[in-house]
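In case you want the letters, here they are:
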Amino acid sequence: MVSEPRLSAEIRLERAASGGSFSLDVALDFGPGLSVLFGPSGSGKTTILTAIAGLLRPAAGRIALGDRVLFDAARRVDLPPNLRKVALVFQSLALFPHLDALGNVAFGLPQAVPRGDRLALAGSWLTRMRVEHLARRYPASFSGGEAQRVALARALASEPHVLLLDEPFSALDQRLAGELSAELEEYVSASPLPVVLVTHDRHLARRAGGKVAILRDGRVEQVGLASELLGERS
């Protein structure tokens with residue numbers, strides 16, 4: 001795994017949007033641990049994640065993890081998603097409905113893992129996320145919290161160098177969201193990964209603590225500590 005990685009992302013693009021066009025022009029830097037992209041819907045948060053993951057090609061800019069360049073428009077470097085070692089958990093979670101929990105997590109494992117070891121390793125990730133009882137059940141039977149845990153297990157099983165979370169707790173009630181958020185913080189604190197969490201929820205962004213970048217209309221308005229920029233409103 002990369003030692004003390006830093007993720008840098010300079011992203012510029014313009015695309016059609018309802019009522020006109022949307023332009024994104026940001027320069028962001030994420031160190032190891034949890035960072036938050038906070039802003040209203042339509043501010044460009046998800047677009048940033050999809051560009052980092054390689055699912056969207058910026059018009060200009062550069063994305064790198066330490067010395068490893070993932071995208072550089074000027075040098076015509078654009079690594080495909082499967083070579084970036086970036087895991088993205090979508091807001092929809094995107095679990096495969098035809099695979100049980102074991103199969104979903106096994107799908108995320110690195111190709112180098114031998115076939116005979118894949119199910120056992122997938123099972124160990126389900127255990128770490130406290131959903132081992134779901135091993136042979138299918139996504140249609142999962143609760144919101146269970147589905148979120150399986151999606152996180154699949155993402156982490158891929159041994160990513162960067163973990164991206166797009167509104168990960170938006171479908172959960174406040175109690176469950178707080179519980180999963182605390183577990184995520186515990187994992188992140190023991191890992192050198194840069195983890196970028198996208199949310200429009202002020203309470204969640206403040207709870208996550210650490211570094212926060214506030215976005216609006218495709219631009220970074222402020223960068224600083226969540227405790228300072230997102231304090232209790234008067």
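S.K.: How should the sheet that holds strand β9 (residues 194-199) be read in this particular structure?
M.R.: Hydrogen bonds along the backbone pair up the strands of a sheet, which may run parallel or antiparallel. Reading across from one edge, β7-β8-β9-β3-β10-β11 is the order of the six strands in this open sheet, with mixed pairing throughout. Looking along the sheet, the strands with just one partner apiece sit at the ends: β7 (86-89) and β11 (219-225). On average, each strand axis in the sheet is tilted by 20° relative to the strand beside it, whichever way the strands run. Pairing between β7 and strand β8 (residues 162-166): four bridges, direction parallel. Following the sheet pairing, A87 is matched in β8 by L163. Packing against the sheet, helix α1 (residues 45-53) makes contact with β3 (33-38), β7, β8, β9 and β10 (211-216), and its axis sits at approximately 150° to β8.

S.K.: Help me understand the pairing of β3, please; the structure alone is not making it clear to me.
M.R.: Each regular strand shows side chains that alternate between the opposite faces of the sheet. Here β3 lies mainly inside the structure; six of its six residues are buried. Bridge analysis of β3 against β10 gives four bridges, and the strand direction is parallel. The residue bridging V36 from the neighbouring strand is V212, located in β10.

S.K.: Would you take a moment to explain the side chain of Q148 for this structure?
M.R.: Topologically, Q148 is positioned in helix α4 (residues 144-157). Its relative accessible area of 3% is what places Q148 among the buried residues. Excluding residues that lie within four positions of it along the chain, Q148 makes contacts with V89, L93, P168, F169 and L180.

S.K.: I keep staring at unusual backbone geometry and nothing clicks. Help me out?
M.R.: Negative phi is the rule for most residues except glycine; trans is the rule for most peptide bonds. Although it is not a glycine, R76 adopts a positive phi angle of roughly 60°. Residue placement: R76 occurs in the loop between β5 (68-72) and β6 (77-78). Its identity as a non-glycine residue notwithstanding, R130 has a phi of 65°, on the positive side. Inspection of the secondary structure puts R130 in the loop between α3 (115-128) and α4.

S.K.: Looking at this structure, how should I read the nonpolar core?
M.R.: General note: in soluble globular proteins, nonpolar side chains tend to be found buried as a group. Among the nonpolar cores identified, the biggest contains 48 residues, and V89, V105, L126, V150, L163, L165 and F169 are the most heavily contacted of them. Ranked by the residues each element gives to this core, the list is headed by α4, at eight residues. In this structure, L7, I48, L49 and F71 belong to the second largest nonpolar core, which totals 27 residues.

Cut-offs used in this document
Residues numbered from 1 in each chain as written. Predicted model: local features only at pLDDT ≥ 70, side-chain atom pairs only at ≥ 80, totals over all residues. Heavy atoms only, no water. Pairing = 2+ DSSP bridges. Helix = DSSP H or I, 4+ residues; strand = E, 2+ residues; numbered from the N terminus. Axes fitted to C-alpha atoms, helices over the stretch in contact; angles between N-to-C directions. Contact = heavy atoms within 4.5 Å. Buried < 20%, exposed > 50% of the residue type's maximum accessible area, 1.4 Å probe, protein only. Core = buried A, V, L, I, M, F, W, Y, C linked by side-chain atoms within 4.5 Å.

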